[in-house]
Amino acid sequence: MKHLLLSILGCCALLASAQQVTVVKHQRLLQGVEGPAYYPVLDQSGTRLLFASGVDYGLKLYDMNDDVVTRISSERCAGIDAGFGNDGDVYFIGQTMNENNLIYRTGYRYNVKKAATSVVLEAQHGAVNREMGTRGVAIRGPHKSYVSSRNLGTAVDVKGSNLIITVNGKEHTCSPVASYAGYLWPSLSPDGTKVLFYAAGAGAFVTDLNGKVLASLGNYEMPCWYDNDYVVAQNATDDGHQFTSSQIMLLKADGTFCHELTRPTSMSMQPTSAAGKIVYTSIDGNLYLMEISIND
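Presented here is an overview of the structure given in this document. (Residues numbered from 1 in each chain as written. Predicted model: local features only at pLDDT ≥ 70, side-chain atom pairs only at ≥ 80, totals over all residues. Heavy atoms only, no water.)

On to the sheet that holds strand 13 (residues 154-159), then. With respect to topology, three strands assemble into an open sheet ordered 13-14-15, the strand pairing being antiparallel. If you trace the sheet from one side to the other, it starts and ends with strand 13 and strand 15 (170-174), each paired once. Geometrically, the sheet is characterised by an average inter-axis angle of 20° between neighbouring strands, direction not taken into account. By the bridge criterion, six bridges tie strand 13 to strand 14 (residues 162-167) in an arrangement that is antiparallel. The residue bridging Lys159 from the neighbouring strand is Asn162, located in strand 14. (Pairing = 2+ DSSP bridges. Helix = DSSP H or I, 4+ residues; strand = E, 2+ residues; numbered from the N terminus. Axes fitted to C-alpha atoms, helices over the stretch in contact; angles between N-to-C directions.)

Let us now look at the side chain of Lys277. With respect to the helices and strands, the residue Lys277 is situated in strand 25 (residues 277-282). It turns out Lys277 is buried and unbridged, and the closest side chain with the opposite charge, Glu291, is 4.9 Å from it. When sequence neighbours within four positions are dropped, the list of residues in contact with Lys277 reads Leu42, Gly46, Met64, Thr272, Leu289, Met290 and Glu291. (Buried < 20%, exposed > 50% of the residue type's maximum accessible area, 1.4 Å probe, protein only. Lys, Arg positive; Asp, Glu negative; His and termini not counted. Salt bridge = Lys/Arg side-chain N within 4 Å of Asp/Glu carboxyl O. Contact = heavy atoms within 4.5 Å.)

What follows deals with the side chain of Ser187. Assignment of secondary structure puts Ser187 in strand 16 (residues 183-188). Sequence-distant contacts of Ser187, defined by excluding residues within four places in its chain, comprise Val156, Lys194, Val195, Leu196 and Trp225.

The subject of this paragraph is the pairing of strand 16. As paired elements, strand 16 and strand 17 (residues 194-199) share four bridges and run antiparallel to each other. Along strand 17, the bridge assignment pairs Leu184 with Tyr198.

Right under this line is the structure:
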């Protein structure tokens, strides 16, 4: 058994060493045009980019084809948890505070073609979050929820230390990894067959649609799919008060390979990826676009 284990580990090492990753494009976006920008999110085509801007993290949209930036919302924290639906529209959550310092969250939909914003979920006190499905979008609150389609298709959400996986309208709740601090950043692979999420204190994991763990990727934060076989994530360290290093990593979704895309001293973080493009920001709020080539 010992010799078999060593043989397997040796094969994995050979496979990993045979893979080569080359950065073929690396440029700064919106230099001299926008101030600090955080929480970037690409659409499926890789041509539109959402990001948070300003001291209140309002939401902006950058169209790379037209090279135009549009302010979608100045509402507090609107840019922190925004995303593109399967219909191409933008769904986001804004925050307001009443006279008693209670925070109320409202769900919005921004029609990209019409450049128009509408309220889809009225303000309510408590946690409100998005759930992005292959056929629709849900914005769920403690009292009321919004669903853009009766059948979300395949979707994933998290609640505490639970994965909530929906397939053809049927929900399945599971806890594949022990994490007392909860799960974060759930997403579906582009082909809709695998789930990626981060378990606080444990790291990033990939499961199938039944919640069976397929791979443990390591203690990398803010993971997102590069394609069906690779994941991009943030590798950060801190001293308990502030970041001491942060870099962007490329990980194979089966856990057999990792590669530095940026150096730890670059203080790069918050990656997003789609259509072969990777966008990330720096600790100072500078946006960068990267394209890579992977030779297996």
